[in-house]
Amino acid sequence: MKSKTGGETKTSRQSQADARLKDLSKLLARARQEVLARVRVLRKEEQDDAVELPADDLDVARSLEDIETDAGLIERYEFQLKAIDAALSRLERGRYGICEKCKKEIPLERLKAVPFAAYCIDCQKTRNERSRPGEGDIDEPSRHVWTPPEELKES
């Protein structure tokens, strides 16, 4: 039996919630695949940038610079991958799209822009203002140990 509250049925609200979760799940999966693909490309570039010996000092310096740049980008993308995996974990627990601080629903527009967002804009703004080097605490999504996915162990 459907009960009406505010002109909308519980079944209708549940259908909307299910559709939202399905869309968000697709969004996360797509973001994860894009990041994995980018890491693979960067790792390939990193291997290609390694200069075979013998090479002159300038070639070695350029090669090392390119490798360090690629390594920095890989580290950044792996951080994003960790955040996406944390978001997928929240999705499995039914907490994805809910702000970790205020427990309100994170707007869909924010999740489309930052699929792994754990906080609404207001709470994230407060966190950003508060965080200075050496200050702050570890937030809940970052407390869990992350192991790189099998896809990244190829190289």
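Residues numbered from 1 in each chain as written. Predicted model: local features only at pLDDT ≥ 70, side-chain atom pairs only at ≥ 80, totals over all residues. Heavy atoms only, no water.

Draft legend 1. Structural context of the overall build of the protein. Within the protein one finds four helices and two strands. For the protein, the N- to C-terminal ordering of α and β elements is β-β-α-α-α-α. Expressed as a percentage of its 155 residues, the buried residues of the protein come to 26%. Accessible surface, the protein: about 10900 Å² in total, of which carbon and sulfur atoms supply 52%. (Helix = DSSP H or I, 4+ residues; strand = E, 2+ residues; numbered from the N terminus. Buried < 20%, exposed > 50% of the residue type's maximum accessible area, 1.4 Å probe, protein only. Areas by Shrake-Rupley, 256 points an atom, 1.4 Å probe, with all protein chains shown as cover.)

Draft legend 2. Looking closely at the side chain of glutamate 100. As for its position among the elements, glutamate 100 is in the loop between helix H2 (57-92) and helix H3 (108-113). At a separation of 2.8 Å, a polar atom in the side chain of glutamate 100 contacts the side chain of arginine 95. (Polar contact = N/O pair within 3.5 Å; in protein donor to acceptor, adjacent residues only side chain to side chain.)

Draft legend 3. Fine view of the pattern of salt bridges. The tally for this structure, following the rule as stated, stands at four salt bridges. The partner of aspartate 85 in a salt bridge is arginine 32, with the nearest N and O atoms 2.8 Å apart. Pair noted here: aspartate 85 is in helix H2 and arginine 32 is in helix H1 (residues 10-49), with a separation of 53 residues, a long-range link. You'll find aspartate 85 and arginine 32 in the same group, each marked buried. Across the pair arginine 43 and glutamate 78 runs a salt bridge, and its minimum N-O distance is 2.6 Å. Here the residue arginine 43 occupies a position in helix H1, and glutamate 78 occupies one in helix H2, the gap between them amounting to 35 residues. Each of Arg90, Arg95 and Glu100 takes part in one network of salt bridges that share partners. (Salt bridge = Lys/Arg side-chain N within 4 Å of Asp/Glu carboxyl O.)

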